[in-house]
Structure formats: C-alpha cells, structure tokens
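# Fold and contact review
So you can see what is in the structure, the chains are spelled out below.
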Amino acid sequence: AERMVAAGCGGVVLFARNVASPAQVASLSMRLKRLALKRTPNNRRLLVLIDQEGGRVQRIKSPATIVPAMRDVGASNKPPHAASQVGRVLGTELRAMGVDVNFAPVADVDTNPDNPVIGARAFSRDSQVVGGAAAAFVRAQQACGVAAVAKHWPGHGDTSKDTHVGACTVPHSLKRLSSVEFPPFAKAANAGVAGMLVAHVSCPALKSGDEYAGVRDDGKLPATLSRGAVDALRRISGANERYRGVVFTDDMEMGAMVKNYGVALASAAAVAAGCDAILMCHGEQRQKDAIDSITDAAASGVISEQRMAEAHANLDALMDRYCAPPPMEAPNAEHVLTIVGSAENRRIVEALLRDGGK
C-alpha cells in the first residue's frame, strides 16, 4: 500500500486482513494520509475506503458495533428510520477510525431468491422499500462526514451468478429496469449520494453501440466498461440534470473481469466509458499496469481531455467534502473506543432488532 500511495494512488481500500482493532485502523489511516502528503506531487490527498455494509459484509468486527443485515433493516416497521439509525452508527464509527468512504448502501432489489451474492445484503424485494431505506441511509451516514456509495448499478439483485467468479447478465428490458432496478439509485442520487459503484454485469438494454478504447459497447460488455450503462447512470436523476458524483468501478480483479478482459485495457476502457475511479484491490503489478494504461490512453487521446477533466472534478468534489486530513497527533485508543462500539451505538442496534425499527 505504501508503494502505491507513493506512486500517486488516490485511495486505499481496507479489508478484514488490514484490521486488528479500531485504534489500529485509525493509526493506519493517519500514517497513509501523512505518507500521501509527504511523498506525492502537490501533496495529494488520500481517501481511505471500506466495505462496511452490515450483516456478512463488515470488514471491521467487534469491538465495533455489529450492524444487522440490511434485509433485517428493510423488514423493520419503519425501514427509512431504521436505515437512518444504521447509517448514523456506521458513519460515526467509521469517521472516528479515519475512514472517508463507505461502499454502502446496497441499492439492489432482492428479486431473485437464487442470487448467490446479494440476498440479505439488500433491504428488500420491493423497489420502493429499497429506495426509501437507501436514501435515508445515505443522508444519515454522510451527515457524519463519511461518503456513501450506492451499489451495484445497474442492479445486481436479479442475477443467478456472482461477478466475483465470472460473467453474468441482467437481461431485462429498459421498461423493467426503469420500474424495478433503477428507482433506488435515483432516490440515492436525489439524496445526494457521493458515489455510485458499477457492477461487472452486462446489460444489453443499455448498450450504446459505440467503439472506444479497444472495446465495442455491443450489449455483452460489463456495465463497468459500457458507455451506455454509465451514461444511463449519469441521467438517473431525470430531466436535464446529470449525476455529478463519483462513479466507481467494482474491483477490476473480480472473476467477471480477469477471465474475459485484460485488466489494464479494461481500466482505460472504464474511464473512457465514464467511470471516475478504478478499484483494484489485490495485485500490485496489475495496479501499476492499470495506471500506465490509463496514462497512455489519456496521452494518446483514447481518453479525451474532457473525460479526464470530468473525472478529476468529480473526485476533487468528493475529496473536498469527505477526505479528512491526517490528525496532528496519533489517535488515542481509549478515545477511539468511546465512539467505536459505544454503549449508545450498541443500544441503537439492539433496539432496532428488538422493536422492529420503531
């Protein structure tokens, strides 16, 4: 991580393997942010990001507050209220540990009981319930100073395969997508969500037919590489207003990508398609190759100056609001634990589970 920060990466994604304790996470965040300021050109800022959804996707476990699966939140008596409470708990604790961005909420609609990857991570099988809960979660978490990222555009809820393993398709018509899959993302956008994450699912209804960066948007491309899919996301708010938040790719080293595309070429194609931030969470050499590929594509005009400027502007806006500077002093472990896993936060979660989100 330190070598990639020195090379100019804009963010570091934390996994369970990077976590020993809340104080250690806060200290790691501080150290990496200081390194970025010291060793990168123009004292570049560094985002610290994580997947802390609740349920089975929680990189930071106890003594942090353990949040229930979003299916339980969505099944409460008042899903928006419950989601807001959960968003506040996660936001306060992540901010105390120096985390700037949380890849949550899941805005997928759980319409396929055979789905191997979403399931209980989604709020509901009802698109309206998902949208209301996702918007409430976004507002609450971001009020705590932690950027929210809604995922997985254009909807991963009705797939029978896992993109961690291989390719899969969302075969629905635009009419169906507009009535079921898209509304939760629209509500998240209208709630001011800082970012959206695009999945490696192909969605033929959104193909553009364009050719760019060595690929053709023919309906078989993953949405991550599809200009049509990303453009549909930018227009999710309706009317003439384009979504100006950061569009993240899912991890480019997932099976759906590495088994079918060269990761370096795909990274350049994703930027050309309209994505702003490339996630690559495992191999250092692949990360370097992706940086070189994007740099070369921008220098040769394969990625336009306008597209690069837009990506920079979107990322700068997120950083201006959510990227906290490193603290002047090392985090105090006892102080961190007055917030992370606090009695108040545990009480909130226990009450949600006991009372059904009243």
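Please refer to the structure placed before this passage.
Residues numbered from 1 in each chain as written. Predicted model: local features only at pLDDT ≥ 70, side-chain atom pairs only at ≥ 80, totals over all residues. Heavy atoms only, no water.

## Structural notes on the overall build of the chain
Counting its secondary structure elements, the chain contains 13 helices and 12 strands. Over its C-alpha trace the chain gives a radius of gyration of 19 Å, about what one expects of a compact globule, namely 21 Å for 358 residues. For the chain, the residues scored as buried account for 56% of the 358 residues in total. Accessible surface for the chain amounts to roughly 14,900 Å². Of this, 50% is attributable to carbon and sulfur atoms. Within the chain, one finds 41 positive and 36 negative side-chain charges whose respective centroids are separated by 3 Å. (Helix = DSSP H or I, 4+ residues; strand = E, 2+ residues; numbered from the N terminus. Rg over C-alpha atoms; globule rule 2.2 N^0.38 Å. Buried < 20%, exposed > 50% of the residue type's maximum accessible area, 1.4 Å probe, protein only. Areas by Shrake-Rupley, 256 points an atom, 1.4 Å probe, with all protein chains shown as cover. Lys, Arg positive; Asp, Glu negative; His and termini not counted. Charge placed at Lys NZ, Arg CZ, Asp CG, Glu CD.)

## Digging into helix 4 (residues 79-96)
Note: α-helices contain 3.6 residues per turn, so residues at a spacing of three or four share the same orientation. Between the first and last C-alpha of helix 4 there are 26 Å, a value that for 18 residues agrees with the 26 Å anticipated at 1.5 Å per step. Within helix 4 the residues assigned to the buried category are Pro79, Ala82, Ala83, Gln85, Val86, Gly87, Val89, Leu90, Gly91, Glu93 and Leu94. Buried residues along helix 4 sit in contact with strand 2 (47-50), strand 3 (52-54), helix 3 (70-74), strand 5 (101-102), helix 5 (127-143) and helix 13 (343-355). Taken from the residues just after helix 4, Gly98 is the one with a positive phi, measuring 80 degrees. (Expected span 1.5 Å × (residues − 1). Contact = heavy atoms within 4.5 Å.)

## Points about unusual backbone geometry
Leaving glycine aside, a negative phi is the common case for residues, and trans is the common case for peptide bonds. Backbone torsion omega between Ser62 and Pro63 reads 20 degrees, so that peptide bond is classified as cis. Structurally, the position occupied by Pro63 is in the loop between strand 4 (57-58) and helix 3. In this structure, Pro105 follows Ala104 across a cis peptide bond, with omega equal to 15 degrees. Within the secondary structure layout, Pro105 lies in the loop between strand 5 and helix 5. Located in the positive-phi region is Ala213, a residue other than glycine, with phi close to 50 degrees. Summarising the element assignment, Ala213 is placed in the loop between strand 10 (211-212) and strand 11 (215-216). For Ala213, a relative accessible area of 16% gives the class buried.

## Describing the pattern of salt bridges
Applying the stated rule across the entire model yields 23 salt bridges. Between Arg59 and Asp51 there is a salt bridge whose closest N-O contact spans 3.7 Å. By relative accessible area, which is 12% here, Asp51 ends up buried. The residue Asp110 makes a salt bridge to Arg71 at a minimum N-O spacing of 2.9 Å. Here Asp110 is found in the loop between strand 5 and helix 5, whereas its partner Arg71 is found in helix 3, with 39 residues between them in sequence. For Asp110, a relative accessible area of 4% corresponds to the buried category. Residues joined by salt bridges that share partners form a network here, namely Asp51, Glu53, Arg59, Arg121 and Lys151. (Salt bridge = Lys/Arg side-chain N within 4 Å of Asp/Glu carboxyl O.)

## Here we look at helix 13
Its 13 residues place the ends of helix 13 18 Å apart at the C-alpha level, agreeing with the 18 Å of an ideal helix rising 1.5 Å per residue. Within helix 13, burial applies to Asn345, Ile348, Val349, Ala351 and Leu352. Along the long axis of helix 13, the arc covered by the buried residues comes to 155 degrees, so they all point the same way. Summarising the geometry of helix 13, the exposed residues directed more than 90 degrees from the buried face are Ala343, Leu353 and Arg354. (Arc of directions from axis to C-beta.)

## Structural notes on the environment of Trp153
Relative to the elements of secondary structure, Trp153 occurs in strand 6 (residues 147-153). In this structure, the C-alpha to C-alpha distance between Trp153 and Asp250, residues 97 residues apart in sequence, is 9.7 Å. Once residues within four sequence positions are removed from consideration, Trp153 is found in contact with Phe182, Phe185, Leu197, Val198, Ala199, Ala223, Ala229, Ala232, Leu233 and Ile236. At 2.9 Å, the side chain of Trp153 forms a polar contact with the backbone oxygen of Ala229. (Polar contact = N/O pair within 3.5 Å; in protein donor to acceptor, adjacent residues only side chain to side chain.)

## Observations regarding the sheet that holds strand 8 (residues 195-198)
Strand order in the open sheet formed by six strands is 1-2-5-6-8-12, with parallel pairing between adjacent strands. In this open sheet, the two edge strands, each paired with only one partner strand, are strand 1 (11-14) and strand 12 (246-249). Inspection of the sheet shows strand 2 paired to strand 5 by two bridges, in the parallel sense. Considered in strand 5, the bridge of Ile50 is made with Asn102. (Pairing = 2+ DSSP bridges.)

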